[in-house]
Amino acid sequence: MLQIEIDSGSGFCFGVTTAIKKAEEELQKGETLYCLGDIVHNSMECERLKQMGLVTIDHDEMARLHNVKVLLRAHGEPPATYELARSNNIEIIDATCPVVLQLQKRIKSQYDSGAAQIVIFGKKGHAEVLGLVGQTEGSAIVVESFDEATKLDFNHDIYLYSQTTKSLDEFHRIIEYIRQHIASTATFRSFDTICRSVANRMDGISHFASRHDLILFVCGRKSSNGRVLYNECLRVNANSHLVEGPAEIQAQWLQGVATVGICGATSTPKWLMEQCRDALREMQTG
């Protein structure tokens, strides 16, 4: 009999949980609610909320709206979005994660103090990163990897921050490299701004992945955090597969398998992991 375990440490983080709760509360009032971008990087959860009435829009669409309510998701937004809301008489339902909000304030303060080279370790174009870069009027430098960080200008001061969901190990590796290469005339300061509710999942998911014959990592393919956690599963257990939902599970993966572990990202709803578990059970009985 196939043993299936859902990782108790997987599922929505605090920021995502809060954003979805705020959306549900507003939708229950029966009014139209817009959300700027996907509320969470999980297509099935977005579809569930769409069925409840949530309308997802982009920045161009928001610019054409007036006198409505718009929810800002956990990733946060740049100052320009708030300015647009004021000019269009849009009521903002702000679900920016407190960790992201604090990071935005720190970067803005650093920029306002005259820091010339603010560097953000993050994914270019990611919603959170766009919000962070916006605090510097677009002047912050974004590096996606250790290799990109080695190409920075080490003759000038560097103030290094990180997107909240990036790899802690790679961030520390970047810090060490900059320390070794920064000019003696330049200042280097780093700020560990990685969310611990995400970083602390690395050890837990690593241990979880090592205990099973097969790992199903349930995650939207847009999830930055999901990619980091999935890669950790893959490192520990080569028999790991990323799926967005139960429809992607392949029966041949179960050949010779006694135990399956199901886990996910901070953007993965518990109900979706449970659907994957149920699909596995049906494969067994079917």
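Conventions used here
- Residues numbered from 1 in each chain as written.
- Predicted model: local features only at pLDDT ≥ 70, side-chain atom pairs only at ≥ 80, totals over all residues.
- Heavy atoms only, no water.
- Buried < 20%, exposed > 50% of the residue type's maximum accessible area, 1.4 Å probe, protein only.
- Helix = DSSP H or I, 4+ residues; strand = E, 2+ residues; numbered from the N terminus.
- Arc of directions from axis to C-beta.
- Contact = heavy atoms within 4.5 Å.
- Axes fitted to C-alpha atoms, helices over the stretch in contact; angles between N-to-C directions.
- Parallel < 35°, antiparallel > 145°, perpendicular 65-115°, else oblique.
- Left-handed = near helix turned anticlockwise from the far one by under 90°.
- Core = buried A, V, L, I, M, F, W, Y, C linked by side-chain atoms within 4.5 Å.
- Phe/Tyr/Trp six-rings, centres within 6.5 Å; stacked < 30°, edge-to-face > 60°.
- Lys NZ or Arg CZ within 6 Å of the ring centre and 35° of its normal.
- Salt bridge = Lys/Arg side-chain N within 4 Å of Asp/Glu carboxyl O.

> I keep staring at helix α10 (residues 201–210) and nothing clicks. Help me out?
Every buried residue of α10 is accounted for by Arg201, Ile205, Ser206, Phe208 and Ala209. Viewed end-on, α10 has its buried residues packed into an arc of 165°, placing them on one side of the element. Projecting away from the buried face of α10 at angles above 90 degrees are the exposed residues Asp203 and His207. Where the residues of α10 are buried, they touch β1 (3–6), α9 (196–199), β10 (214–218), α11 (224–236) and β12 (259–264).

> Teacher, can you tell me more about the packing of α10 against α11 here?
Two quantities define a packed helix pair, namely the angle between the axes and the distance from one axis to the other. Contact geometry of α10 with α11 gives a least axis separation of 9 Å together with a crossing angle of 40°. With respect to each other, α10 and α11 are oriented oblique. Crossing of α10 against α11: the hand is right-handed. Across the interface between the two elements, Arg201, Met202, Ile205, Ser206, Ala209 and Ser210 from α10 touch Val228, Leu229, Glu232, Cys233, Arg235 and Val236 from α11.

> For this particular structure, what's the right way to read the nonpolar core?
In globular proteins that are soluble, nonpolar side chains generally tend to be buried together. Membership of the largest hydrophobic core comes to 19 residues, with the highest contact counts inside it found for Leu152, Ile158, Leu160, Ile174, Ile178 and Phe188. Of all the elements, helix α8 (residues 168–181) adds the most residues to this core, at 4 residues. If we ignore the near neighbours within four places in the chain, the residues touching Leu160 are Val119, Phe121, Phe171, Ile174, Ile175, Ile178, Phe188, Arg189, Ser190 and Phe191.

> Quick question: what am I supposed to make of the packing of aromatic side chains here?
For any pair of aromatic rings, the description consists of the separation of the ring centres together with the inter-plane angle of the planes. Under the defined criterion, the tally for this structure stands at 5 aromatic pairs. Ring plane angle 50° and centroid distance 5.9 Å describe the contact between Phe217 and Tyr230, whose orientation is recorded as tilted. A residue pair is termed long-range when its members are at least 10 positions apart, and Phe217 in strand β10 and Tyr230 in helix α11 qualify at 13 residues. Note on accessibility: Phe217 and Tyr230 belong to one class, buried. Joined through ring pairs, the aromatic side chains of Phe146, Phe154 and Tyr177 make up one cluster. A cation sits over an aromatic face here: Arg173 above Phe146, 3.7 Å from the ring centre.

> I tried to follow the pattern of salt bridges on my own but got confused; where do I start?
Opposite charge on two side chains permits pairing when their charged atoms draw close. Here the structure, examined in full by the defined rule, presents 16 salt bridges. Close ionic contact of Lys29 with Glu26 constitutes a salt bridge, the shortest N to O distance being 3.1 Å. Judged by relative accessible area, which is 51%, Lys29 ranks as exposed. For Asp278, the salt bridge goes to Arg281, with nearest N and O atoms at 4.0 Å. Of the two residues, Asp278 and Arg281 both sit in helix α12 (residues 270–285), 3 residues apart, roughly one turn of that helix. Through salt bridges with shared partners, one network takes in Glu26, Lys29, Glu31 and Lys69.

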